[in-house]
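Structural characterization, general
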Amino acid sequence: MKERIVQKYTQIRGVQWVENIYVQTGSASGILVGGQISTNVIRTPSKPGEYSVWGIHLATDDQLTFISKADDSPIVVRMVDCRDGSPTLHNYLEVSCQPDSSKRLIIPRGVAHLPTNLNGLITLNTPRIYWDWAKRLVHPDLDVINVECNRSLDKFPTYKICRYSVPDWMYPAALKAFKSRYRPEYEAPFIFDRHGQLYILRRRTEVAEL
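Residues numbered from 1 in each chain as written. Predicted model: local features only at pLDDT ≥ 70, side-chain atom pairs only at ≥ 80, totals over all residues. Heavy atoms only, no water.

1. As for the pattern of salt bridges
Opposite charge on two side chains makes pairing possible when the charged atoms of those side chains draw close. Spelled out, the test is: What counts as a salt bridge is simple: a side-chain nitrogen of Lys or Arg found within 4 Å of a carboxyl oxygen of Asp or Glu. In DSSP terms, a helix is any run of H or I states spanning at least four residues, a strand is any run of E spanning at least two, and both are numbered starting from the N terminus. Relative accessible area decides the class of each residue, using a 1.4 Å probe on protein chains only: under 20% of the type maximum gives buried, over 50% gives exposed, and in between gives partly exposed.
Counted under the stated rule, the structure contains nine salt bridges. Among the ionic pairs, Arg-4 bridges to Glu-19, the shortest N-O distance being 3.4 Å. In this pair, Arg-4 sits in the segment before strand E1 (5–8) while Glu-19 sits in strand E2 (residues 16–19), placing the two residues 15 residues apart along the sequence. Arg-4 gets classed as partly exposed once you look at its relative accessible area, which sits at 47%. Glu-19 gets classed as partly exposed once you look at its relative accessible area, which sits at 36%. Here Arg-151 ties to Glu-148 by a salt bridge, and the two come within 3.2 Å at their closest N and O atoms. What makes Arg-151 buried here is its relative accessible area of 19%. For Glu-148, a relative accessible area of 23% translates into the label partly exposed. Taken together, the salt bridges that share partners define one network made up of Glu-3, Arg-104 and Arg-128.

2. Digging into the side chain of Thr-60
For clarity, the threshold we go by: Any pair of residues with heavy atoms lying within 4.5 Å of one another is described as a contacting pair.
Counting through the fold element by element, Thr-60 comes out in strand E7 (residues 60–68). Residue class for Thr-60 comes out buried when judged on its relative accessible area of 16%. With residues near it in sequence (within four places) discarded, Thr-60 still touches Pro-108, Arg-109, Pro-127 and Arg-128.

Here it is, written out as structure tokens:
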């Protein structure tokens, strides 16, 4: 079944809303069908949960469904195109929305993104994975490069992105590999690019005493 595009944005090529498969099972319930891999990002209400950096994936298209939120303030997703050769290179886009299970926001690989207003937000991500012969191995745990949130738009980097879709049969292997490398004692790494050199910062998680 061909996916229906709900809305496109001309500011950055490839950023768009796509209709989800959502099966209504009752007056106040339904089933949201995910993808080959589905992950949930869950933020605790009334606790600090804003991103401190922009994220740029080189091998993954994010597909974000915003499920629910603790307050009525709009979710704001800021984006900058960092794809080498893109006709919208270094263009800026800001999307405001409310939680809605009927559609998902596609953020192509190579587009820096920084969601804000995230109090109690639950997000379903059903990413698409890509590869390339000359794939740049950013980090074995996470294929993302970070940009500090206060960097000016004219200073954003440019990267080559992976060009080829990973076949469907490889998704279970990718998920298994991710789980095998998971280290619960550390937060996900921050990876910064300084003049072509990658710097990796990992922080230990704080575990509450029982």
